[in-house]
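Residues per chain are reported as follows:
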Amino acid sequence: NIALTSTSKIIGVAENVQVAAGQVVDVINLGTGLVLLGGTVADGDFLTANTDGSGSAITAAPATGVNNPVLGKAQTSGVAGDVIPVTIALSQVQG
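What counts and what doesn't
- Residues numbered from 1 in each chain as written.
- Predicted model: local features only at pLDDT ≥ 70, side-chain atom pairs only at ≥ 80, totals over all residues.
- Heavy atoms only, no water.
- Patch = residues over 30% accessible without salt bridge, like charges linked within 9 Å, V, L, I, M, F, W, Y side chains within 5 Å.
- Areas by Shrake-Rupley, 256 points an atom, 1.4 Å probe, with all protein chains shown as cover.
- Salt bridge = Lys/Arg side-chain N within 4 Å of Asp/Glu carboxyl O.
- Helix = DSSP H or I, 4+ residues; strand = E, 2+ residues; numbered from the N terminus.
- Buried < 20%, exposed > 50% of the residue type's maximum accessible area, 1.4 Å probe, protein only.
- Core = buried A, V, L, I, M, F, W, Y, C linked by side-chain atoms within 4.5 Å.
- Contact = heavy atoms within 4.5 Å.
- Pairing = 2+ DSSP bridges.
- Axes fitted to C-alpha atoms, helices over the stretch in contact; angles between N-to-C directions.

Engineer: When you look at a nonpolar patch on the surface in this model, what are you seeing that I'm missing?
Structural biologist: Together, Ile-11, Val-19, Val-25 and Val-27 make up an exposed nonpolar region whose accessible area comes to about 300 Å². As for its placement among the helices and strands, Val-25 is situated in the loop between β1 (13-14) and β2 (27-28). Using a relative accessible area of 34% as the deciding quantity, one classes Val-25 as partly exposed.

Dropping the structure here:
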């Protein structure tokens, strides 16, 4: 399943998203992966799933006392629609 909200559990980055429903996809959960951005991201930002259900990544910025699962850290800046390298380090951040 794709992480569809900023509170969805994240297991990693799909290595090949050009697959039909029901097919197997490889998931990277350690190392570096390429991620589609759903918003503006700065180099070094912690990333989480976008809240629009697209499966893209946005900067993790939870409200006070709220936890967001974190995919990893952006290795470069980018804007919505860009694909950037991310250091995958599954964790969470609290606002």
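Alright, that's what it looks like, and here's the rest.
Engineer: I'm lost on the nonpolar core in this one. Help?
Structural biologist: The nonpolar side chains of a soluble globular protein tend to be buried with one another. Counting residues in each nonpolar core, the largest one holds 15 residues, and the members touching the most others are Val-35, Val-41, Leu-47, Leu-71, Ile-84 and Val-86. Elements supplying a minimum of two residues to this core: β4 (46-49), β6 (67-74) and β7 (83-94). With 3 residues, β7 is the single largest residue contributor to this core. Contact partners of Val-86, with chain neighbours within four places excluded, come to Gly-31, Thr-32, Gly-33, Val-35, Leu-47, Leu-71, Gly-72, Lys-73, Ala-74 and Gln-75.

Engineer: Help me understand the sheet that holds strand β5 (residues 57-59), please; the structure alone is not making it clear to me.
Structural biologist: As a general point, the strands of a sheet are linked pairwise by backbone hydrogen bonds and lie either parallel or antiparallel. Across the sheet, which stays open at both edges, the 5 strands sit in the order β3-β7-β6-β4-β5 with antiparallel pairing between neighbours. Each edge of the open sheet carries a strand with a single partner, namely β3 (31-36) and β5. Looking at each pair of strands side by side, their axes are set apart by 55 degrees on average, direction ignored.

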